[in-house]
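Commentary on secondary and tertiary structure
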Amino acid sequence: MRYYHYILLALLTACSGLERSEQDRMRRVNAKAEEIYRLKGENFLSIETPKKRKREPYSFEKHMIGNHPRITKEYFRCRGSAKNPPVTLNKNTKNAICHFDCGGYDKHSLPVKEEKEFIYPVLIDLLNYIQEKTQKKVVITCGHRCPIHNVYADASRKNQSSKHLVGAEVDFYVQGMEQCPKEVVDIIISYYESQEEKAYKSFSRYTSADTDVSTNPWYNKEIFIKLYNKNEGRDFDNSHPYPYISLQMRYDKAGKRRVLYNWHQAFNGFLRW
C-alpha cells in the first residue's frame, strides 16, 4: 500500500511540472515585442553630465571648529556657585567677615548692552581664531565675574576694578599647549597682521613695574595681553597649575571709545533673577 502512495505522489508532481512548463511555452509564443528605431546619437531624453557639488555643512557643523565647539558668549558666564564654601575676608583683623559666593549664571546674566547680553566680540573672535589655527581646545578659566564672585575669587584691592566685571577681559589656556603660552601669544598677534591701521597692526611691550607678571605684556590699540606663569596670578578661577593668558579690552572699535572699568556698569549692568 505504501508503494501506491509513492507512485501517486510522483504522478501529481510530474503533472504539476508539465503544467508549468506548458504555461511558460504559451507565454513565450504569445509574447510580442515592438522594436524601437532611432538614429545613432539620437536621444529621447538628454542628460547633462553631473557636476560635483560641495556638500553643505550640517547645522551642527556650523558650530564647530575642527573637533571643538565654536566659542560663544555662553562660555564667558560667571563661574560662581552657591555650592562653594564660604571664605574669610580680612583675616587676622577685627573686621574679618565670612563671604559667600554668588549663585552663578543660575542667578544672574552676562553684562547687558542695548537690552542684550554682551561680551566684547573681538574676545570671542580671538579665541575662535586660536582654535582654528591650533586645532586645539581653548579652555576659558575666567570670563565675566559678578561683583560677589569677583570678591570671592580674589579679594585684593587691585582686583576690585577688574575688567572681568564688565565683560571686557578673559583668562584662558590652550589644551595641549599649556607649557608654550608664548606661541599662543604669537597667534594672537598674527590675528592683527591684516589690519590696515598701524595702531592695531603693531604691538608694543608694556615695561612699567605696576603689573603682577614677570613677562612684559603686549598691547596694541585694541587689546592688552598678559602672560601669567604657573606661579603667577593664582586665584579661585585660576587655581589650575598651568600658565595662562589674559586678554583685556583697551579700545572699543565699534563704539569708538576706550574701554574702562565702570562701577555702575559692573554692579548694575547685568540682570539678577
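Shown above is the structure to which this text applies.
Notes on the structure in this doc start here. Along each chain, residues carry numbers from 1 onward, in the same order as the chain's sequence is written. pLDDT decides what is reported in this predicted model: residues at 70 or higher carry local features, side-chain atom pairs at 80 or more are listed and counted, and totals for whole chains, interfaces and linings draw on all residues regardless. Note: side-chain values were computed over all heavy atoms of the structure, leaving out hydrogens and water.

The next thing to look at is the overall build of the chain. Secondary structure elements follow DSSP: runs of H or I of four or more residues count as helices, runs of E of two or more count as strands, with numbering from the N terminus. Helices and strands together make up the secondary structure of the chain, namely six helices and 15 strands. Rg of the C-alpha trace for the chain: 36 Å, well past the compact-globule value of 19 Å for 273 residues, more than 25% over. Each residue is placed in one exposure class: buried if its accessible area under a 1.4 Å probe, protein chains only, is under 20% of its type's maximum, exposed if it is over 50%, and partly exposed if it falls in between. The proportion of buried residues among the 273 residues of the chain is 36%. By definition, residues are in contact when any of their heavy atoms lie within 4.5 Å. The contacts in the chain between residues at least 6 apart in sequence include a share of 63% that link residues at least 24 apart. Accessible surface, the chain as shown: approximately 19,000 Å² in total, 52% of it carbon and sulfur. The chain carries 45 positive and 33 negative side-chain charges, and their two centres are separated by 2 Å. Radius of gyration means the value over C-alpha atoms here, while the globule rule gives 2.2 Å times the residue count to the 0.38 power. Calculation of accessible area relied on Shrake-Rupley with a 1.4 Å probe; when residues are assessed, cover is drawn exclusively from the protein chains displayed. Charge counting treats Lys and Arg as positive and Asp and Glu as negative, with His and both chain ends excluded. Every charge is mapped onto a representative atom, which is NZ of Lys, CZ of Arg, CG of Asp or CD of Glu.

Before going further, it helps to spend a moment on the pairing of strand S8 (residues 169-174). In terms of burial, S8 is a largely internal element, six of the six residues being buried. The alternating pattern of S8 places Glu 169, Asp 171 and Tyr 173 on one face and Val 170, Phe 172 and Val 174 on the opposite face, and all of these are buried. For two strands to be treated as a pair, DSSP must find no fewer than two bridges joining them. Across four bridges, the pairing between strand S7 (residues 138-142) and S8 is antiparallel. Bridging from a neighbouring strand, Val 138 pairs with Val 174 of S8. Bridge analysis of S8 against strand S12 (residues 244-249) gives four bridges, and the strand direction is antiparallel. Paired with Val 170 across the bridge in S12 is Leu 247.

Once that is clear, we can look at empty space enclosed by the protein. In this analysis the probe radius is 1.4 Å and the grid spacing 1 Å, with only protein atoms considered; a cavity is a set of points the probe fits into but cannot get out of, a pocket is an open set with protein on both sides within 12 Å along at least five of seven lines, and lining residues have an atom within 4 Å of a point. Grid points are joined across faces, edges and corners, and a volume is the space filled by probe spheres set on the points. For the structure shown, the criterion picks out one cavity of 30 Å³ or more. Taken as a whole, the largest cavity spans an internal volume of roughly 40 Å³. Contributing to the lining of the largest cavity are Phe 172, Tyr 173, Val 174, Met 177, Glu 178, Pro 181, Val 184, Pro 243, Tyr 244 and Ile 245. Of all the elements in the fold, those that place two or more residues in the lining of the largest cavity are S8, helix H4 (181-191) and S12. Of all the elements, S8 adds the most residues to the lining of the largest cavity, at three residues. Residue polarity is assigned by list, with Asp, Glu, Lys and Arg as charged and Ala, Val, Leu, Ile, Met, Phe, Trp, Tyr, Cys and Pro as nonpolar; anything else, Gly included, falls into the polar class. For the lining of the largest cavity, a count of residues per class yields nine nonpolar, no polar and one charged.

A few words now on the pattern of salt bridges. One speaks of a salt bridge when a side-chain nitrogen belonging to Lys or Arg is within 4 Å of a carboxyl oxygen belonging to Asp or Glu. Scanning the entire structure with this criterion turns up nine salt bridges. Between Asp 24 and Arg 27 there is a salt bridge, with its nearest N and O atoms 2.9 Å apart. Taken together, the positions of Asp 24 and Arg 27, both in helix H1 (residues 2-30) and three residues apart, correspond to about one turn of that helix. Between Lys 113 and Asp 252 there is a salt bridge, with the nearest N and O atoms lying 3.7 Å from each other.

Moving on, we come to the environment of Met 249. Tracing the backbone shows Met 249 in strand S12. Once residues lying within four places of it in the same chain are set aside, the contact partners of Met 249 are Tyr 120, Val 122, Leu 123, Lys 163, Ala 168, Glu 222, Ile 223 and Val 259.

Glancing now at the sheet that holds strand S10 (residues 218-219). For sheets, the rule is that strands pair by backbone hydrogen bonds, running either parallel or antiparallel. With antiparallel pairing, six strands are arranged side by side in an open sheet as S7-S8-S12-S11-S10-S9. In this open sheet, the two edge strands, each paired with only one partner strand, are S7 and strand S9 (204-205). Pairing geometry for strand S11 (residues 223-228) and S12, over six bridges, is antiparallel. Bridge assignment links Leu 227 to a residue of S12, and that residue is Ile 245.

This paragraph deals with a nonpolar patch on the surface. Exposure above 30% relative accessible area and the absence of a salt bridge qualify a residue for a patch, where like charges join within 9 Å and nonpolar side chains (Val, Leu, Ile, Met, Phe, Trp, Tyr) within 5 Å. On the surface, a cluster of nonpolar side chains totalling about 420 Å² of accessible area is made up of Phe 44, Leu 45 and Ile 47. Position of Phe 44 relative to the elements: it lies in the loop between H1 and strand S1 (64-65). On the basis of relative accessible area, Phe 44 is assigned to the exposed category, the value being 61%.

This brings us to the packing of aromatic side chains. Aromatic rings in a pair are described by how distant their centres are and how their planes are angled relative to each other. Ring pairs shown here join Phe, Tyr and Trp side chains whose ring centres sit within 6.5 Å, with only the six-membered ring taken for Trp; geometry is labelled stacked below 30 degrees between planes, edge-to-face above 60, and tilted in between. For the coordinates displayed, the defined rule picks out eleven aromatic pairs. Between Phe 118 and Tyr 120, the ring centres sit 4.9 Å apart and the planes meet at 75°, which makes this aromatic pair edge-to-face. Across the pair, exposure class does not vary: Phe 118 and Tyr 120 are buried alike. With a centroid separation of 4.7 Å and 15° between ring planes, the pair formed by Tyr 228 and Tyr 244 is classed as stacked. In this pair, Tyr 228 sits in strand S11 while Tyr 244 sits in strand S12, placing the two residues 16 residues apart along the sequence. Here Tyr 228 and Tyr 244 have matching classes, each one buried. An aromatic cluster of three or more residues is present, and its members are Tyr 129, Tyr 191, Tyr 192 and Phe 203. Definition used: whenever NZ (Lys) or CZ (Arg) falls within 6 Å of the ring centre and also within 35 degrees of the ring normal, the charge is taken to sit over that ring. Note that Lys 221 overlies the ring of Tyr 251, its terminal NZ or CZ placed 4.5 Å from the centroid. The ring centre of Tyr 200 lies 4.4 Å from the NZ or CZ of Lys 253, which sits over that ring.

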